Amino acid sequence: MTSTSTKRTAEHGTFTITRTYPVPPERVFAAWSSRDAKARWFGDPSAPGVGYALDFRVGGTETNRGGPPGGPVFTYEASYKDIVPDERIVYGYTMDADGVLISVSVTTVEFAAVAGGTELSFTEQGVFLDGADTPAVREKGTGELLDNLGAALA
């Protein structure tokens, strides 16, 4: 994606996405903390577990590799920094495309009980490198993942 002739850039961005799910916070939290549950909406849905690993604990890591047929292959590598069951998850992660670093982010996921279910608030603060990714593209993709989560919880 980048070469020595490419201008190096760093675009910073922050976004927050809020979703409400009609299930209690502990069920939404479990969809993040259980490897099998998370693979259903975050990993490859056609082959859960392929290219996906989750060690959900403070200091634990998560890896997800995959992409569209013909590439690129994206690699997501996260490290968990703070976990408060049923309330909050904080993690840092990198994203590579075909082995080239395209972003570094810090993410906070918050779960709050509301009438009829759970409000999830997802906030990402990232630096997007060399034009290979942008805050707008990441926000769109994250919104799609949170929609997948809603479908998995249904």
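Everything below is about the structure printed above this text.
Residues numbered from 1 in each chain as written. Predicted model: local features only at pLDDT ≥ 70, side-chain atom pairs only at ≥ 80, totals over all residues. Heavy atoms only, no water.

Student: Give a detailed account of the overall build of the chain, specifying residues and quantitative values.
Tutor: Along its length, the chain carries three helices and seven strands. Each helix (α) and strand (β) of the chain, taken in turn from the N terminus, gives the series β-α-α-β-β-β-β-β-β-α. Relative to its length of 154 residues, the chain is compact, with a C-alpha radius of gyration of 16 Å against a globular reference of 15 Å. Judged by the C-alpha coordinates and their principal axes, the chain covers about 55 × 30 × 25 Å. Going through the 154 residues of the chain one by one, you find that 40% of them count as buried. The long-range fraction of contacts in the chain, counting pairs at least 24 apart against all pairs at least 6 apart in sequence, stands at 50%. Element-wise, carbon and sulfur atoms account for 55% of the exposed surface of the chain, whose accessible area totals about 7,800 Å². Averaged over its 13 positive side-chain charges, the chain has a centre that lies 3 Å from the centre of its 20 negative ones. (Helix = DSSP H or I, 4+ residues; strand = E, 2+ residues; numbered from the N terminus. Rg over C-alpha atoms; globule rule 2.2 N^0.38 Å. Buried < 20%, exposed > 50% of the residue type's maximum accessible area, 1.4 Å probe, protein only. Contact = heavy atoms within 4.5 Å. Areas by Shrake-Rupley, 256 points an atom, 1.4 Å probe, with all protein chains shown as cover. Lys, Arg positive; Asp, Glu negative; His and termini not counted. Charge placed at Lys NZ, Arg CZ, Asp CG, Glu CD.)

Student: A description of the packing of aromatic side chains should follow, citing residues and the corresponding values.
Tutor: Summed over the entire model, instances satisfying the criterion amount to twelve aromatic pairs. Measuring from centroid to centroid gives 6.3 Å for Phe-15 and Phe-122, while their planes differ by 20 degrees, and the two rings are stacked. Taken together, the residues Phe-15 in strand β1 (residues 10-21) and Phe-122 in strand β7 (residues 117-129) connect sequence positions 107 residues apart. Comparing Phe-15 with Phe-122 shows no difference in burial state: the two are buried. When the centroid spacing of 4.8 Å and the interplanar angle of 40 degrees are considered together, the rings of Tyr-76 and Tyr-93 count as tilted. One end of the pair, Tyr-76, is in strand β4 (residues 74-84); the other, Tyr-93, is in strand β5 (residues 88-97), with 17 residues separating them in the sequence. Judged on exposure class, the residue Tyr-76 and its partner Tyr-93 are both buried. Positioned above the aromatic ring of Phe-42 is the side chain of Lys-38, whose terminal nitrogen or guanidinium carbon lies 4.6 Å from the ring centre. (Phe/Tyr/Trp six-rings, centres within 6.5 Å; stacked < 30°, edge-to-face > 60°. Lys NZ or Arg CZ within 6 Å of the ring centre and 35° of its normal.)

Student: Tell me what's going on with the sheet that holds β1, and back it up with residues and numbers.
Tutor: Judged by pairing direction, the sheet is antiparallel, and its seven strands sit side by side in the order β1-β7-β6-β5-β4-β3-β2 without closing on themselves. Since the sheet does not close on itself, it has two edges, and those belong to β1 and β2 (52-54), each with one partner. Within the sheet, the average angular offset between the axes of one strand and its neighbour, ignoring direction, is 15 degrees. Inspection of the sheet shows β5 paired to strand β6 (residues 100-114) by ten bridges, in the antiparallel sense. Bridging from a neighbouring strand, Gly-92 pairs with Val-106 of β6. Sheet strands touched by helix α1 (residues 25-33): β1, β2, β4, β5, β6 and β7. Its angle to β6, the strand with the most contacts, is close to 160 degrees. Strands β1, β5, β6 and β7 of the sheet are contacted by helix α3 (residues 135-153), whose axis makes an angle of about 20 degrees with β1. (Pairing = 2+ DSSP bridges. Axes fitted to C-alpha atoms, helices over the stretch in contact; angles between N-to-C directions.)

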